[in-house]
Amino acid sequence: MDCGAFYLPKDDPQTPQGEDAHFFWPEKKTIGAADGVGGWVKKGVDAGEYSRQLMHNAVISIQQQPNGVVEPRKVLEEAFLSTKEKGSSTACILTLNECGYLHAVNVGDSGFMIFRNKEFLYKSPIQQHTFNCPYQLGNNENSDRPSSATELKIEVVPGDIIVLGTDGLLDNMWPEEIEDEIKLGTLECVNPEQLAWNIAELALDNSMDKNFFSPFAKAAELAGKERMGGKIDDITVVVGHILP
């Protein structure tokens, strides 16, 4: 799996690095993303410190997996137990196993999409307690635990494109928009880093469009709330290209 990523933190002096974190490890065919929950800033806590430590600890866990086999749930559990920062975070970790299946665990409203033959195929479900209140890992008593994670196994084939993102992507771009960008951006070849950059820039444009009927606006409508436009947020996009 060839991988690339792009990150656009929102402009916020209280959290200059933003609150998202991610990693990609092509040799291990594993990628991950986390989104520190912004509400912690009201308590003087930068939840980005939690999400960054969580993803760092996920990489350490992957290094220590026996026989080189990556088990996403075990990675998430070990990363969670090793993360001691204040705050909380969503998390999504996925790996391509030797049987040609994408094996993923997800807590919260980060997630991924699969595109086959440049067409949208699948979107992972999100987890929310209520509208705009995702499941979140953390060390306080009200936080969720890795046992709450959704575990998924989906068959993929060479040529498939995986787009993993935090809610800064998923709240601001419809699958059809990402599909269009894949069709435009892969005319000659698939460059995961460039594709991630292009998708993130489009998500940023949508996030600042007050008249855009975004996925976030749709979710608000379903929750009985009036909310038009995109959602300004940190935007993380990780692209994986399944190779022959």
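Along every chain, residues carry numbers that run from 1 in the direction the sequence is written. This being a predicted model, a pLDDT of at least 70 is required before a residue's local features are given, and a value of 80 or more before pairs of side-chain atoms are given or counted; all residues contribute to the totals for chains, interfaces and linings. Side-chain measures were taken over the full set of non-hydrogen atoms in the model, leaving aside hydrogen atoms and water.

Novice: Would you mind going over the layout of surface pockets with me for this structure?
Specialist: Leftover empty space is mapped by rolling, across the atoms, a probe with the size of a water molecule. Whether a set of points on the 1 Å grid over the protein atoms alone is a cavity depends on a 1.4 Å probe fitting there but being unable to get out, while an open set qualifies as a pocket with protein on both sides within 12 Å along at least five of seven lines; lining residues are those with an atom within 4 Å of a point. Grid points are joined across faces, edges and corners, and a volume is the space filled by probe spheres set on the points. Computed from the structure, the largest pocket encloses a volume of approximately 350 Å³. What lines the largest pocket is a set of 19 residues, and nearest its centre among them are Lys123, Ile126, Asp171, Pro215 and Ala219. The way it works is that DSSP assigns letters per residue, a run of H or I at least four long becomes a helix, a run of E at least two long becomes a strand, and they are numbered from the N terminus. Contributions of two or more residues to the lining of the largest pocket are made by α3 (167–170) and α6 (215–222). The element best represented in the lining of the largest pocket is α6, accounting for five residues. Each residue is assigned to one class: nonpolar for Ala, Val, Leu, Ile, Met, Phe, Trp, Tyr, Cys and Pro, charged for Asp, Glu, Lys and Arg, and polar for all the others, Gly among them. Classifying every residue of the lining of the largest pocket gives 11 nonpolar, two polar and six charged. Taken together, 15 residues line the second largest pocket, and the ones lying closest to its centre are Gly38, Asn132, Asp167, Lys231 and Asp233.

Novice: Whenever I open this one, helix α2 (residues 72–82) confuses me. Can you help?
Specialist: Helical geometry: 3.6 residues make up each α-helical turn, so side chains three or four residues apart lie on a common side. Of the positions making up α2, those classed as buried are Pro72, Val75, Leu76, Ala79 and Phe80. End-on, the buried residues of α2 take up no more than an arc of 130°, which puts them together on one face. In what follows, residue pairs with any heavy atoms lying within 4.5 Å of each other are defined as contacts. Its buried side turned inward, α2 meets α1 (47–63), β4 (88–96), β5 (101–107) and β10 (137–138). With a 1.4 Å probe rolled over the protein chains alone, any residue whose accessible area is under 20% of its type maximum counts as buried; one over 50% counts as exposed, and the rest are partly exposed. Arc, as used here, means the arc of the directions from the helix axis to the C-beta atoms.

Novice: Sorry, what's going on with the packing of helix α4 (residues 175–185) against helix α5 (residues 192–207) here?
Specialist: How two helices pack is summed up by the angle between their axes together with the distance between the axes. Think of each axis as a best-fit line through the C-alpha atoms, taken over the contacting stretch in the case of a helix, with angles from 0 to 180 degrees between the N-to-C directions. At a minimum axis distance of 10 Å, the contact between α4 and α5 shows a crossing angle of 140°. By the angle class used here, α4 and α5 are oblique. The chirality of how α4 crosses α5 is right-handed. For the pair α4 and α5, the contacting residues are Glu177, Ile178, Glu181 and Ile182 in the first and Leu195, Asn198, Ile199, Leu202 and Asn206 in the second. Classifying every residue of the contact of α4 with α5 by side-chain character gives five nonpolar, two polar and two charged. To sort the angles, those under 35 degrees are grouped as roughly parallel, those over 145 as roughly antiparallel, those from 65 to 115 as roughly perpendicular, and the leftovers as oblique. Two helices crossing with the near one rotated counterclockwise from the far one by less than a right angle form a left-handed crossing, whereas a clockwise rotation gives a right-handed crossing.

Novice: Got a minute to help me understand α1 in this structure?
Specialist: Working rule for helices: expected span equals 1.5 Å times residues minus one. Across its 17 residues, α1 extends 25 Å between first and last C-alpha, which sits within 8% of the 24 Å expected from 1.5 Å per residue. Residues Ala47, Gly48, Tyr50, Ser51, Arg52, Leu54, Met55, Asn57, Ala58, Ser61 and Ile62 constitute the buried set of α1. Buried residues along α1 sit against β2 (20–25), β3 (30–36), α2, β4 and β10. Any N or O atom pair separated by 3.5 Å or less is treated as a polar contact, with the protein-specific requirement of one donor-capable and one acceptor-capable atom, and with residues adjacent in sequence counted only for side-chain atom pairs. If you check the start of α1, you find a side-chain oxygen 2.8 Å away from the backbone N of Gly48, and it comes from Asp46.

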